[in-house]
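Residue-level listing of the chains:
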Amino acid sequence: MPGVTIDKNHCKGCELCVQACPQQILSMSKEITVRGYFYAYAHDPSRCIGCMICAITCPDAAIEVHSNGTQYQLFAY
Ligand code: SF4
Ligand code: SF4
């Protein structure tokens, strides 16, 4: 089953992934990170289809998408 993981400490709160997700399952938190940003998280991860649009959109490479047992990572930190 596809899934998405967002590293909140690499998120700068730009909201691009929230706008990009075709399933509209990403939201912005009401808490801030140690860097002072509201971060993105998946509020309904069970509906993720593994399309990777969020990961491709994220300018900070903070998102990883998992699909069918394979972990896709665009960039290593
Ligand atoms: S992989 Fe696709 S469906 Fe899943 S959170 Fe990212 S944009 Fe949304
Ligand atoms: S696109 Fe990346 S940096 Fe922007 S809110 Fe989403 S996870 Fe955070």
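A quick note: this is a predicted structure, and the numbers were derived from the prediction, not measured.

Draft legend 1. Examining the overall build of the protein more closely. The number of helices and strands found in the protein is two helices and five strands. Looking at the protein residue by residue over its 77 residues, the buried ones come to 21%. Taking the contacts inside the protein whose residues are at least 6 apart along the sequence as the reference set, 58% of them involve residues at least 24 apart.

Draft legend 2. Representation of unusual backbone geometry. Here glutamate 15, not a glycine, exhibits a phi torsion of approximately 75°, which is positive. Mapping glutamate 15 onto the fold places it in the loop between strand E1 (3-6) and helix H1 (16-20). Its identity is not glycine, yet glutamine 24 carries a phi of approximately 55°, on the positive side. Looking at the secondary structure, you find glutamine 24 in the loop between H1 and strand E2 (26-32).

Draft legend 3. Spotlight on the site of ligand 1. In the region of ligand 1, 15 residues are neighbours, and Cys21, Cys48, Cys51, Ile53 and Cys54 sit closest. For the shell around ligand 1, the per-class residue count stands at 13 nonpolar, two polar and no charged.

Draft legend 4. Highlighting the site of ligand 2. In the vicinity of ligand 2, 14 residues are found, and the nearest of them are Cys11, Cys14, Cys17, Ala40 and Cys58. Of the residues in the shell around ligand 2, the class split is nine nonpolar, two polar and three charged.

Draft legend 5. Quick look at the environment of valine 4. Considering the arrangement of structural elements, one finds valine 4 in strand E1. Valine 4 sits in the buried class, given 25 other C-beta atoms within 10 Å. The sequence separation of valine 4 and alanine 42 amounts to 38 residues, and the corresponding C-alpha distance is 7.4 Å. The residues contacting valine 4, other than those within four sequence positions of it, are Ala42, Pro45, Cys48, Cys54, Ile63 and Val65.

Draft legend 6. Focus on the environment of phenylalanine 38. Tracing the chain through its elements places phenylalanine 38 in strand E3 (residues 38-42). The class of phenylalanine 38 is partly exposed, set by 17 C-beta atoms lying within 10 Å. Once the C-alpha coordinates of phenylalanine 38 and cysteine 11 are considered, the two residues, 27 residues apart in sequence, prove to be 8.1 Å apart. Non-local contacts of phenylalanine 38, meaning those with residues more than four positions away in its chain, are made with Gly13, Met28, Ser29 and Ile32.

Draft legend 7. Here's a closer look at the nonpolar core. Within the largest apolar cluster, 16 residues are counted, with the highest numbers of intra-cluster contacts made by Val4, Ile6, Cys17, Cys54 and Ile63. Mapped by element, the contributors of at least two residues to this core are E1, E3, helix H2 (53-57) and strand E4 (63-67). It is E3 that provides the largest number of residues to this core, a total of three residues.

The rules behind these values
Residues numbered from 1 in each chain as written. Chains lettered and ligands numbered in written order. Predicted model: local features only at pLDDT ≥ 70, side-chain atom pairs only at ≥ 80, totals over all residues. Helix = DSSP H or I, 4+ residues; strand = E, 2+ residues; numbered from the N terminus. Buried ≥ 20, exposed ≤ 12 C-beta atoms within 10 Å, placed from the backbone. Contact = placed C-beta atoms within 7 Å. Near = placed C-beta within 6 Å. Nonpolar A, V, L, I, M, F, W, Y, C, P; charged D, E, K, R; others polar. Core = buried A, V, L, I, M, F, W, Y, C linked by C-beta atoms within 7 Å.

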